Amino acid sequence: MADTQAIRCTMLEPDIALLTFDVPDKVANTLSSTVLKELSDHLDLLQGREDLAGLILASGKPGMFIAGADLREFVAFLELPADETSKLSSEGQALFRRLSQCPFVTVAAIDGICVGGGSEMVSWCDRRLMTTDSKTQFGFPEVKLGLIPGWGGTVRGPRLVGLSNALELITSGDSIDPETAVVTGWCDDVVPVEKLLPAAVSMIRDDQQTGRYLSDRERWEQPLQPNETELGFLGVTASAWIRQQTKGHYPAPMVALELMAETAMLDIESACQQESVQLANLFGSPINAALLNVFFLQDRVKKDT
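Predicted model, so just to flag it, every value in this text is computed and none were measured.

Asker: Can you walk me through the pattern of salt bridges in this structure?
Answerer: Where charged atoms from two side chains of opposite charge approach closely, those side chains can pair. Applying the stated rule across the entire model yields 16 salt bridges. We note a salt bridge from Asp22 to Arg8, for which the minimum N-O separation is 3.5 Å. Taken together, the residues Asp22 in the loop between β2 (16-21) and α1 (33-47) and Arg8 in strand β1 (residues 7-13) connect sequence positions 14 residues apart. The class of Arg8 is partly exposed, set by a relative accessible area of 41%. Note that Arg219 and Asp216 form a salt bridge whose closest N and O atoms lie 2.7 Å from each other. Placement of the pair is Arg219 and Asp216 together in helix α9 (residues 212-221), with a separation of three residues, close to one helical turn.

Right under this line is the structure:
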């Protein structure tokens, strides 16, 4: 097991495991390479068990689920060749996709900020619950750093919530509140903080009884079949909105739009492969490096004040 102990595994009930993300000595949980390795190790152990009904992912930090990837690690990777970046993306996709293939129900119990890689990870779970806490939010801010989601977000999103809802959230880079997440399909239910884990257990019991998670898994593995008119309309309206927002200076939202429009009708493996390639094309570009620099400067200003 990785020695960071950023993820604790406990048994909530005899047949329900709980993975609690709590990166030591940090205000926020981020998905560094060591944390991802730890998640992989936990899944290796859990997937080998035959006595589990479900797995719940939660955070040990109130008001903070997962703030995405470790951006300081990103800076260290900026010089990597494109094929290496693409490989890292593929490895992340494969790890998160395991959550949609476990021999038990997987539920993300989200309290607080869940963005970027955190949102990608929970999108691969069977179910998502969010709390009514005012800090709870969900989003994909990657385009604001000159990137696109690279751990399966552009692939799983459209299959989960439909192409239109996925395009709107991913190309804007904005976050949504729990109520909006339920309406648009990113989340299954919203509950008070104190009822989060009991609600997750109840959801697992319900899915085990009905088997609905299995039919949902099958459906979400399939390519979408939007008609040409719908696709054309979406493309025109979304690209016009993006051009208005970016004035043509930032390529990432348009890359995300074109990628999702093209890959929604492909099998998951091919779609993930294309996502990795497009991420590698953007990663380390002058725009990406400049936007990362701006992010760190703003972060420092926040801490200084």
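Asker: What is the right way to look at the nonpolar core in this model?
Answerer: Where a protein is soluble and globular, its nonpolar side chains tend to be buried together. Phe21, Leu39, Leu55, Phe96, Met121, Phe138 and Trp186 are the most contacted members of the largest nonpolar core, which has 74 residues in total. For this core, the element with the highest residue contribution is helix α11 (residues 252-263), accounting for seven residues. Those residues in contact with Phe96 that sit more than four places away from it in its chain are Leu31, Leu36, Leu39, Gly117, Glu120, Met121, Trp124 and Trp151. In this structure, Leu196, Ala200, Ile204 and Tyr213 belong to the second largest nonpolar core, which totals 16 residues.

Asker: Explain the packing of aromatic side chains here, please?
Answerer: Two numbers describe a pair of aromatic rings. These are the distance of the centres and the angle of the planes. Using the criterion set out here, one finds five aromatic pairs in the structure. Centroid distance Phe138 to Phe140: 5.6 Å. Interplanar angle 90 degrees. Geometry classified as edge-to-face. Taking the relative accessible area as the measure of exposure, Phe138 reaches 0% and is therefore buried. On the numbers, 5.3 Å between centres and 55 degrees between planes, the contact of Phe140 with Trp186 is tilted. Placement of Phe140 in the loop between β8 (137-139) and α5 (153-161) and of Trp186 in the loop between α7 (178-184) and β10 (189-191) is noted, with a sequence separation of 46 residues between them. For Phe140, a relative accessible area of 0% gives the class buried. Here Trp186 falls in the buried class, since its relative accessible area comes to 1%. These aromatic residues form a ring-pair network of at least three members: Phe138, Phe140 and Trp186.

Asker: Can you walk me through helix α6 (residues 163-172) in this structure?
Answerer: Every α-helix carries 3.6 residues per turn, so stepping three or four residues along brings you back to the same face. Within α6, seven of the ten residues are buried, which leaves the element mostly enclosed by the surrounding structure. Regarding α6, the residues found buried are Leu163, Ala166, Leu167, Leu169, Ile170, Thr171 and Ser172. Summarising the contacts, the buried residues of α6 are in contact with β8, α5, β9 (175-176), α10 (228-246) and α11. Where α6 terminates, the next one or two residues include Gly173, which has phi positive at roughly 75 degrees.

Asker: Would you explain the state of the cysteines in this entry?
Answerer: Joining two cysteines, a disulfide is a covalent bond between their sulfur atoms. Applying the stated criterion across every chain, the model contains zero disulfides. Cysteine Cys114 is unpaired, with the sulfur of Cys125 as its nearest cysteine sulfur at 9.5 Å. Looking at Cys187, it has no disulfide partner, and the nearest cysteine sulfur is the one in Cys114, 9.9 Å off. For Cys187, a relative accessible area of 5% gives the class buried.

Asker: Is there a simple way to explain the pairing of strand β3 (residues 54-59) in this structure?
Answerer: Looking along a regular strand, one sees side chains alternate from face to face of the sheet. The buried count for β3 comes to five of six residues, which makes it a mostly enclosed element. Looking at chain direction, β2 and β3 are connected through six bridges and run parallel. Bridge pairing in β3 links Ile16 to Gly54. Regarding the hand of the β-α-β motif, the stretch spanning β2, α1 and β3 is right-handed. Pairing analysis gives four bridges linking β3 to strand β5 (residues 105-110), with the strands arranged parallel. Among the inter-strand pairings, Leu55 is bridged to a residue of β5, identified as Thr106.

Asker: Looking at this structure, how should I read the packing of α11 against helix α12 (residues 268-282)?
Answerer: Think of two packed helices as two axes; the pair is described by the angle between the axes and how far apart they sit. Packing of α11 against α12 leaves a shortest axis separation of 10 Å and a crossing angle of 165 degrees. In this view, α11 runs roughly antiparallel relative to α12, as classed from their interaxial angle. For the element pair α11 and α12, the recorded crossing hand is right-handed. On α12, the residues that touch Ala252, Val255, Leu259, Glu262 and Thr263 of α11 are Ala271, Gln274, Glu275, Gln278 and Leu282.

Reading guide: rules and limits
Residues numbered from 1 in each chain as written. Predicted model: local features only at pLDDT ≥ 70, side-chain atom pairs only at ≥ 80, totals over all residues. Heavy atoms only, no water. Salt bridge = Lys/Arg side-chain N within 4 Å of Asp/Glu carboxyl O. Helix = DSSP H or I, 4+ residues; strand = E, 2+ residues; numbered from the N terminus. Buried < 20%, exposed > 50% of the residue type's maximum accessible area, 1.4 Å probe, protein only. Core = buried A, V, L, I, M, F, W, Y, C linked by side-chain atoms within 4.5 Å. Contact = heavy atoms within 4.5 Å. Phe/Tyr/Trp six-rings, centres within 6.5 Å; stacked < 30°, edge-to-face > 60°. Disulfide = S-S within 2.5 Å. Pairing = 2+ DSSP bridges. Right-handed = clockwise from strand over helix to strand, strands pointing away. Axes fitted to C-alpha atoms, helices over the stretch in contact; angles between N-to-C directions. Parallel < 35°, antiparallel > 145°, perpendicular 65-115°, else oblique. Left-handed = near helix turned anticlockwise from the far one by under 90°.

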